[in-house]
Amino acid sequence: MKQIEKPSNWLIGILLIPAILVFFYIILIGSSPIWAIATICISVSLYLATLTFFCIRQRCYRQLIVNYIVIVLWVLIYLIQFKFI
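Note that this is a predicted model, so its numbers are computed, not measured.

### Description of the overall build of the chain
Of regular secondary structure, the chain possesses four helices and zero strands. Listing each helix as α and each strand as β along the chain from the N terminus yields α-α-α-α. By the burial criterion, 28% of the 85 residues in the chain qualify as buried. Taking as baseline every contact in the chain between residues at least 6 positions apart, the subset at least 24 positions apart corresponds to 65%. When the accessible surface of the chain is totalled, it reaches about 6,000 Å², and 73% of it is carbon and sulfur.

Spelled out as structure tokens, the structure:
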């Protein structure tokens, strides 16, 4: 599978750090404040936008599809965990 070269995928992954930290905060307090959901949405949106830009530019379509599937599964797990579905 062809992967993006510059910037490295782990550098783009730094955009997900706020989402992960807020997710752990939500688990600790046991509720989902609006600002936390907004932070997660913004962080994931920036990650996907940046990843999409670099994957399309470098023609790494398979990596792009895999990352989108992982994010969708991550959202489903979040929704199932907190019984929003």
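The structure having been displayed, the exposition proceeds.
### Side note on helix α4 (residues 61-81)
With 21 residues, α4 extends 30 Å from end C-alpha to end C-alpha; this agrees with the ideal 30 Å at 1.5 Å per step. Where α4 is concerned, the buried positions are Q63, L64, N67, I71 and Y78. Burial along α4 is one-sided: seen end-on, the buried residues are contained in an arc of 100 degrees. Facing away from the buried side of α4 by over 90 degrees, the exposed positions are R62, I65, I77 and I80.

Rules and cut-offs
Residues numbered from 1 in each chain as written. Predicted model: local features only at pLDDT ≥ 70, side-chain atom pairs only at ≥ 80, totals over all residues. Heavy atoms only, no water. Helix = DSSP H or I, 4+ residues; strand = E, 2+ residues; numbered from the N terminus. Buried < 20%, exposed > 50% of the residue type's maximum accessible area, 1.4 Å probe, protein only. Contact = heavy atoms within 4.5 Å. Areas by Shrake-Rupley, 256 points an atom, 1.4 Å probe, with all protein chains shown as cover. Expected span 1.5 Å × (residues − 1). Arc of directions from axis to C-beta.

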